[in-house]
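Topology and contacts: notes
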There are 2 protein chains.
Amino acid sequence: MGKIERREALLGDLERAQGLEALQATILALRDHFHVDHMVYHWVSSNGEQFGCGTYSDVWVQRYVDHDYLRVDPVITGCYQRFHPVDWKRLDWSSKPSRAFQAEAIAHGVGNQGFSVPIRGPIGQFALFTTSHNCDDEEWARFTEDNRRDLILIAHEFNEKALELQPGRTPEPSRALSPREIDAMTLVAMGYSRAQVAETLSISEHTLRVYIESARSKLGALNTTHAVARALSRGLIVV
Amino acid sequence: MGKIERREALLGDLERAQGLEALQATILALRDHFHVDHMVYHWVSSNGEQFGCGTYSDVWVQRYVDHDYLRVDPVITGCYQRFHPVDWKRLDWSSKPSRAFQAEAIAHGVGNQGFSVPIRGPIGQFALFTTSHNCDDEEWARFTEDNRRDLILIAHEFNEKALELQPGRTPEPSRALSPREIDAMTLVAMGYSRAQVAETLSISEHTLRVYIESARSKLGALNTTHAVARALSRGLIVV
DNA sequence: TTTCCCCTCCCCTAAAATAGCGAGGGCGTC
DNA sequence: GACGCCCTCGCTATTTTAGGGGAGGGGAAA
């Protein structure tokens, strides 16, 4: 069975996988197939919820969650701004918390090498599919070059599965904002005062407030700043 | 040269493509390789900007832009809420404007069949990679099943290229926020009032103001909401 | 036709944000 | 050791925003 066929077979398995257990089993199979130490699918929702499956030790996962490493991990912060898959070497590990995190991660069995594929879903959903291994730079470069596309496809497939599994997704299906609301929120997010926004949109400030207020309620936000944050996270506005 | 090798060669070409002309040339080569009528990469930003390349006729593209079909096209509205690639048949073409749009599209040479891969970038960027053809359902089903993964990869690759071409990205490298500033901005972005944030962080409200103020000045933001928007856009905080 | 949403305008008060002036201790780098 | 940055706290002042009402016309969809 050639490489291509094995790849196809594994992707087929992944496509047919149903449920969290199946995903967990698939990720183990994938790790074995690629001969790497770890593979992890990690989902981060905009409200801080996390969900994932993979081969990291339970201790490390628990520690990661408990210590809120989400906000420290350079893999997260780095990939959040990028679209293309990224080798961990290209991230910024220079800050002190980053280095401490890195040392701790390695101590918990995470490989010294890593490759993470960021994936984004419809409403600001953000996920990472990470492959990690313990080897030298050359071997890792060869691996990533050889398997880059497969890893992207696997990441894509995992995210599709994860979206299906996600139970309470879109309890409020995040009603779209009206054009005027988008205008208003965009300008507010750009830092203009309400008076300026109203003038820019050629409406009264009172009308503007109605837009902001209705956008806020649509987004389920607690206040204007929160509404702007949510609109941005969900890609409803761009600043 | 077998099909797989041709595919690899084309993906390689795409990876190496530099500039808009190269992308345009690649998309023509891809269309020929897949024996379909049209392939289009279409980038849509929430503020109305559009950018794309593909094989649709100039007349149709112009008409699409002029008539603001973005807000009508079921392919756009449908894919915007999904993650997985979607066959046009599975979209909702029932509304009156949709049907009118569809008829007009077909009259302009767009195929009756279509397959669109949605892609999302870092800050609410949304793009579509569409393949369109004129054939019966059975042939199309066979095509999409055979080439689904390749199309996803191509879409991914196109978006990567498009993001590189996108001007104005990160012109000013903003100074990093301090841990405390990140805490403060994150909680503010989550909609808590200053009093709540201060209590959560166990600091006085005044200290909190200092953080917000210094974050605001670091980010070059006009006000708190603007600062939150910038911090989010730059991936400095996650909400 | 009725209902729902969008757009527009106006009132109010309390809370929040902005702006300026300060202070001191700690930690790391040059 | 000096400098810069981070963390913490104090004060006063003005301006802006938040959030709660209500009201009417228009357009699209059910």
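Shown above is the structure to which this text applies.
Below or above, wherever it landed, is the structure these notes cover.

Cut-offs applied
- Residues numbered from 1 in each chain as written.
- Chains lettered and ligands numbered in written order.
- Predicted model: local features only at pLDDT ≥ 70, side-chain atom pairs only at ≥ 80, totals over all residues.
- Heavy atoms only, no water.
- Helix = DSSP H or I, 4+ residues; strand = E, 2+ residues; numbered from the N terminus.
- Polar contact = N/O pair within 3.5 Å; in protein donor to acceptor, adjacent residues only side chain to side chain.
- Contact = heavy atoms within 4.5 Å.
- Axes fitted to C-alpha atoms, helices over the stretch in contact; angles between N-to-C directions.
- Parallel < 35°, antiparallel > 145°, perpendicular 65-115°, else oblique.
- Nonpolar A, V, L, I, M, F, W, Y, C, P; charged D, E, K, R; others polar.
- Buried area = accessible area lost by both parts, 1.4 Å probe.
- Salt bridge = Lys/Arg side-chain N within 4 Å of Asp/Glu carboxyl O.
- Near = heavy atom within 4 Å.
- Core = buried A, V, L, I, M, F, W, Y, C linked by side-chain atoms within 4.5 Å.
- Buried < 20%, exposed > 50% of the residue type's maximum accessible area, 1.4 Å probe, protein only.
- Pairing = 2+ DSSP bridges.

Describing the side chain of Arg 120 of chain A
With respect to the element layout, Arg 120 of chain A can be found in strand S4 (residues 113–120). Only 3.2 Å separates the side chain of Arg 120 of chain A from the backbone oxygen of Cys 79 of chain A, close enough to count as a polar contact. In this structure the side chain of Arg 120 of chain A is engaged in a polar contact, spanning 3.4 Å, whose partner is the backbone oxygen of Gly 121 of chain B. Once residues lying within four places of it in the same chain are set aside, the contact partners of Arg 120 of chain A are Cys 79, Tyr 80, Gln 81, Arg 82, Phe 83, Gln 125, Phe 126 and Asn 159 of chain A together with Phe 83, Arg 120, Gly 121 and Pro 122 of chain B.

Observations concerning the packing of helix H2 (residues 19–34) of chain A against helix H6 (residues 137–165) of chain A
Each packed pair of helices is defined by two parameters, the angle between the axes and the distance between the axes. All names here are of chain A. For the pair H2 and H6, interaxial distance at closest approach is 11 Å and the crossing angle is 175°. By the criterion of interaxial angle, the relationship of H2 to H6 is roughly antiparallel. Counted together, Gly 19, Leu 20, Leu 23, Ile 27, Leu 30 and Phe 34 of H2 and Phe 143, Asn 147, Asp 150, Ile 154, Phe 158, Lys 161 and Leu 165 of H6 form the full contact between these two elements. For the contact of H2 with H6, the residue count by class is nine nonpolar, two polar and two charged.

A closer look at the interface of chain A and chain B
At the interface, 49 residues of chain A touch 46 residues of chain B. Summed over both sides, the interface between chain A and chain B buries roughly 4,400 Å², with carbon and sulfur atoms accounting for 59% of that surface. One can count eight salt bridges joining chain A with chain B. The salt bridge involving Arg 148 of chain A is made with Glu 160 of chain B; its shortest N-O contact spans 3.8 Å. Between the two partners, chain A and chain B, sit twelve residue pairs in polar contact (both at pLDDT 80 or more).

Quick word on the protein's contact with DNA strand D
For DNA strand D, the set of nearby residues contains 18 residues, the closest of which are Arg 209 and Thr 224 of chain A together with Ser 178, Ser 204 and Tyr 211 of chain B. At 2.3 Å from a base oxygen of DNA strand D is found a side-chain nitrogen or oxygen belonging to Arg 209 of chain A. With respect to DNA strand D, the side chain of Thr 224 of chain A contributes an N or O atom lying 2.2 Å from a phosphate oxygen. For the surface near DNA strand D, the elements supplying multiple residues, two or more each, are helix H9 (205–218) of chain A together with helix H7 (179–189) and helix H9 (205–218) of chain B. It is H9 of chain B that provides the largest number of residues to the surface near DNA strand D, a total of five residues. Residues of the surface near DNA strand D, tallied by class, amount to five nonpolar, seven polar and six charged.

Description of the environment of Cys 135 of chain A
Along the polypeptide, Cys 135 of chain A turns up in the loop between strand S5 (126–133) and H6. The spatial distance from the C-alpha of Cys 135 of chain A to the C-alpha of Gly 114 of chain A is 9.9 Å, given a sequence separation of 21 residues.

Points about the nonpolar core
Grouped together as the largest cluster of nonpolar side chains are 61 residues, with contacts concentrated most on Tyr 41, Phe 129, Ile 154 and Phe 158 of chain A together with Tyr 41, Phe 129 and Phe 158 of chain B. The element contributing the most residues to this core is helix H6 (residues 137–165) of chain B, with ten residues. In terms of nonpolar packing, the next biggest core, distinct from the first, is built from 46 residues, Leu 177 and Val 197 of chain A together with Ala 215 and Ala 227 of chain B among them.

Some remarks on the side chain of His 38 of chain B
Residue and element names in this part refer to chain B. Mapped onto the elements, His 38 comes out in strand S1 (residues 38–44). There is a polar contact of 3.1 Å between the side chain of His 38 and the backbone oxygen of Gly 109. Non-local contacts of His 38, meaning those with residues more than four positions away in its chain, are made with Arg 31, Thr 55, Tyr 56, Gly 109, Val 110, Gly 111, Thr 130, Thr 131 and Ser 132.

Describing the pairing of strand S4 (residues 113–120) of chain B
All names here are of chain B. Where burial is concerned, most of S4 is hidden: eight out of the eight residues are buried. Residues Gln 113, Phe 115, Val 117 and Ile 119 point to one face of S4 and Gly 114, Ser 116, Pro 118 and Arg 120 to the other, with burial holding for every one of them. Bridge count between strand S3 (residues 86–87) and S4: two bridges; the pairing is antiparallel. Note on S4: the bridge partner recorded for Asp 87 is Phe 115. Relative to strand S5 (residues 126–133), S4 runs antiparallel, the two being bridged by eight bridges.

With respect to the protein's contact with DNA strand C
Lining the immediate surroundings of DNA strand C are 18 residues, of which Ser 178, Ser 204 and Tyr 211 of chain A together with Arg 194 and Thr 224 of chain B lie closest. Backbone atoms, meaning sugar plus phosphate, form 72% of the atoms of DNA strand C positioned within 4 Å of the protein. Take Ser 178 of chain A: an N or O atom from its side chain is 2.5 Å from a phosphate oxygen of DNA strand C. Within the contact set of DNA strand C, a phosphate oxygen lies 3.0 Å away from a side-chain nitrogen or oxygen of Thr 207 of chain A. For the surface near DNA strand C, the elements supplying multiple residues, two or more each, are helix H7 (179–189) and H9 of chain A together with H9 of chain B. Among the elements that line the surface near DNA strand C, the one with the most residues is H9 of chain A, at six residues. For the surface near DNA strand C, the per-class residue count stands at four nonpolar, seven polar and seven charged.

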